[in-house]
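# Fold and geometry: a report
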Amino acid sequence: MRTGISLLLRAVGALTVAAALATTSVRAEDINYFSIGTGGVGGTYFPLAGAVANAISNPPGSRACDEGGSCGVPGLVAVAQSSHGSGANVVAVTSGDLDSGFSQADVAYWAYSGTGRFEGQEPMRDLRVIAALYPEHVHLVASKASGIASVSDLRGKRVSLDKTDSGTHPDAVLILAAFGLSEADITVENLQPEDAAEALREGRLDALFFVSGYPARAVDELARTGEMVLIPIAGPEVDQMLLEHSFFTRDRIPNGVYRNVEGVETVAVGAQWLTSLSQSEDLIYAITSALWNDTARRLLDVGHTKGQSVTRQTALDGIAIPLHPGAERFYREAGMIK
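Keep in mind that what you see is a predicted model, and the values were worked out from it rather than measured.

Attention now goes to the state of the cysteines. Taken as a whole and judged by the stated rule, the model has one disulfide. Covalently, C65 is tied to C71 through a disulfide, its sulfur atoms 1.8 Å apart. The chirality of the disulfide connecting C65 with C71 is right-handed, given an S-S dihedral of about 80 degrees. With relative accessibility at 41%, the residue C65 sits in the partly exposed group. Overall, C71 belongs to the buried group, its relative accessible area being 14%.

Right under this line is the structure:
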């Protein structure tokens, strides 16, 4: 699940800490690593988690917050790790392979309740929320050469639905079903977004689904070729789908988000930061406090375009599974929970 890039980031973090230890009297046992599972490097989770990791980290030897240094959790070194996305992250958080992870709200609920894509599996009752983050938009991207102009036009085409343990995959299947299609009606590929974008650019793929906050790097790089279009996900089929699946909302990818690509109507689902009930209440309280301090605000605003949508005012929006006790304590003290 961990790619070479995520392992490289961990190695760089270890070298940074090693350098700090070499120049200070801090002991290695004073360091607390905290992993954040993300998605593919071509999406939004990965760079945004990097900004979050910077905001909550306070490595040994750092300058004090009031002296212009880190305002994160003392001794904490947070690391963003790439993965297959939401489905992989909830499993890894539950198993203890990850300390935390980003996930779509629908995937988080299905995992916690043992429903939806996790039907028949043991409910992951230890999953807990730290914060709601931002809306993620369903991107349906097609090559101009494919002639695809609507979801219905996907019939008989080569379409990537993303990895089966991603958050994109189950949403893509639901959207296909809303338009009277199934996986049997298309040639299915299960590629991560960056690989799917490359296949589409090379003519080996006609279309791809990708659930991500915009702008997503993989789509942005593809748009620069001038050979892609965004396909709308709209119409009476979507009206019925929203009645059946309330975690979807109508939204739009605006004109100009991707160079020379016309915006479209689509649907969106919320992104959330999850952890496990097994994590210390005091640690998650400190992490939540660090996430919402003024220094973190500046880091989020410049770390990725979607960082500006991550606000304390919306931190409890769309949450359908319990908050971690540490996060709940913070929001209760902040007057956000009565």
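Let's shift gears to the pattern of salt bridges. Taken as a whole and judged by the stated rule, the model has eleven salt bridges. R155 serves as the salt-bridge partner of D185, at 3.3 Å between the closest nitrogen and oxygen. With D185 in the loop between α5 (168-178) and β8 (187-189) and R155 in the loop between β6 (127-143) and β7 (158-160), this pair connects stretches of sequence that are 30 residues apart. Owing to a relative accessible area of 47%, R155 belongs among the partly exposed residues under this scheme. For the salt bridge of E281 with R329, the shortest nitrogen-to-oxygen distance reads 3.2 Å. Here E281, found in helix α9 (residues 281-291), pairs with R329, found in helix α11 (residues 325-333); they are 48 residues apart in sequence, far enough to count as distant. Connected through shared salt-bridge partners, E281, D282 and R329 make up one network.

Right, let's talk about the pairing of strand β9 (residues 207-212) for a bit. Note on strand geometry: in a regular strand, side chains alternate between the two faces of the sheet. Taking burial as the measure, the six residues of β9 include six buried ones, the bulk of the element. Side chains A207, F209 and V211 of β9 all project onto a buried face; the interleaved residues L208, F210 and S212 project onto the opposite face, where all are buried too. Here two bridges tie β7 to β9, and the two strands are oriented parallel to one another. Bridged to V159 within β9 is A207.

Looking at the protein as a whole, its pLDDT mean stands at 90, while 91% of the residues score no less than 70. In this model residues 1-24 is a low-confidence stretch, pLDDT under 50, and it forms 31 contacts with partners more than four residues away in sequence or in other chains.

Here is what the cut-offs are and how they apply
Residues numbered from 1 in each chain as written. Predicted model: local features only at pLDDT ≥ 70, side-chain atom pairs only at ≥ 80, totals over all residues. Heavy atoms only, no water. Disulfide = S-S within 2.5 Å. Buried < 20%, exposed > 50% of the residue type's maximum accessible area, 1.4 Å probe, protein only. Salt bridge = Lys/Arg side-chain N within 4 Å of Asp/Glu carboxyl O. Helix = DSSP H or I, 4+ residues; strand = E, 2+ residues; numbered from the N terminus. Pairing = 2+ DSSP bridges. pLDDT = per-residue confidence, 0-100. Contact = heavy atoms within 4.5 Å.

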